[in-house]
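In case you want the letters, here they are:
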Amino acid sequence: MKIVIAIIQPHKLEAVKKELYKVEVNLITVSPVLGHGKQKGVNEVYRGVKEVGNFLRKVRLEIAVNDNFVEPTIKAIVKGAKTGKIGDGKIFVYPLERCIRIRTEEEGSAAIG
Ligand SMILES: Nc1ncnc2c1ncn2[C@@H]1O[C@H](COP(=O)(O)OP(=O)(O)OP(=O)(O)O)[C@@H](O)[C@H]1O
Ligand SMILES: [Mg+2]
């Protein structure tokens, strides 16, 4: 199991969500975050609103998946979020040790999707 964390532009959230649904990734956590990449928020203002200093508004996705879903998830995020311009975002993949569905107490692969 892996957890895919993606930082994307807020206006790309709907497009990314649609692409994720197409590959049957339906369970997702979304948070508003502030951040900047290597331009330090300076030249990156396309629909970006500077919030605090040079930090820009971004959206953070957390998606826990079985291993065979990692590549489809990455492809879906890229398809939905990419403009080819600076600030499109980044994807991080972490190993995930455990996942427990509280309602049923299922664990692992059975709990994740
Ligand atoms: N190495 C990193 N560690 C933590 N967060 C990061 C990292 N790189 C990017 N981010 C987060 O992702 C957001 C988008 O990053 P961004 O796409 O600007 O990356 P970049 O490396 O500057 O690439 P680009 O040159 O395409 O803009 C940042 O605002 C920040 O929140
Ligand atoms: Mg950048």
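Position numbers for residues count from 1 along each chain, tracking the sequence in the order it is written. In the order they appear in the text, chains get letters beginning with A and ligands get numbers beginning with 1. In view of the model being predicted, local features appear only for residues whose pLDDT reaches at least 70, and side-chain atom pairs are presented and counted only at 80 or more, with totals across whole chains, interfaces and linings using the full set of residues. Remark: hydrogens and water are excluded; side-chain values derive from all non-hydrogen atoms of the structure.

Draft legend 1. The pattern of salt bridges, seen in detail. Between Lys or Arg on one side and Asp or Glu on the other, a salt bridge is scored when a side-chain nitrogen of the former is within 4 Å of a carboxyl oxygen of the latter. Evaluated as defined, the whole model comprises seven salt bridges. The salt bridge partner of lysine 22 is glutamate 19, with a shortest N-O separation of 3.2 Å. You can see lysine 22 and its partner glutamate 19 sitting in helix H1 (residues 13-22), three residues apart, about one turn around the helix. The buried label applies to any residue whose accessible area, calculated with a 1.4 Å probe on protein chains only, is under 20% of its type's maximum; exposed applies above 50%, and partly exposed to all values in between. By relative accessible area, which is 14% here, glutamate 19 ends up buried. Note on conventions: DSSP H or I runs of at least 4 residues are helices, E runs of at least 2 residues are strands, and numbering of each starts at the N terminus.

Draft legend 2. Broad picture of the site of ligand 1. In these notes, residues near a molecule or strand are those with any non-hydrogen atom within 4 Å of it. Inspection of the region around ligand 1 gives 14 residues, with Lys38, Gln39, Gly87, Gly89 and Lys90 positioned closest. Backbone polar atom of histidine 36 to an oxygen atom of ligand 1: 3.1 Å apart, as the coordinates give it. What qualifies as a polar contact is a pair of N or O atoms within 3.5 Å, subject to a donor-acceptor requirement within protein and to the restriction that residues adjacent in sequence count only when both atoms come from side chains. Between ligand 1 and the protein, one listed contact pairs an oxygen atom with a backbone N or O atom of lysine 38 at 2.7 Å. The method behind every accessible area is Shrake-Rupley, applied with a 1.4 Å probe, and residues are considered shielded solely by the protein chains displayed. For ligand 1, whose accessible area on its own is 600 Å², the fraction buried by protein is 70%.

Draft legend 3. Local environment of the environment of glycine 108. Position of glycine 108 relative to the elements: it lies in the loop between strand S5 (89-95) and helix H3 (109-112). Sequence-wise, glycine 108 and glutamate 97 are 11 residues apart; in three dimensions their C-alpha atoms are separated by 8.5 Å.

Draft legend 4. Fine view of the packing of H1 against helix H2 (residues 70-81). To get an axis, fit a line to the C-alpha atoms, keeping to the stretch in contact for a helix; angles then go from 0 to 180 degrees between the N-to-C directions. Viewed as axis vectors pointing N to C, H1 and H2 meet at an angle of 145 degrees, and their least axial separation amounts to 8 Å. Classified by chirality, the crossing of H2 by H1 is right-handed. Residues Ala15, Val16, Glu19 and Leu20 of H1 form the contact with H2, whose participating residues are Thr73, Ala76, Ile77, Lys79, Gly80 and Ala81. A class-by-class count of the residues in the contact of H1 with H2 yields six nonpolar, two polar and two charged. Working rule for handedness: look at the near helix, and if it is turned counterclockwise from the far one by less than a right angle, call the crossing left-handed; if clockwise, right-handed. Whether two residues touch is decided by their heavy atoms; if any such pair falls within 4.5 Å, the residues are in contact. Under the scheme applied here, ten amino acids are nonpolar (Ala, Val, Leu, Ile, Met, Phe, Trp, Tyr, Cys and Pro), four are charged (Asp, Glu, Lys and Arg), and all others, including Gly, are polar.

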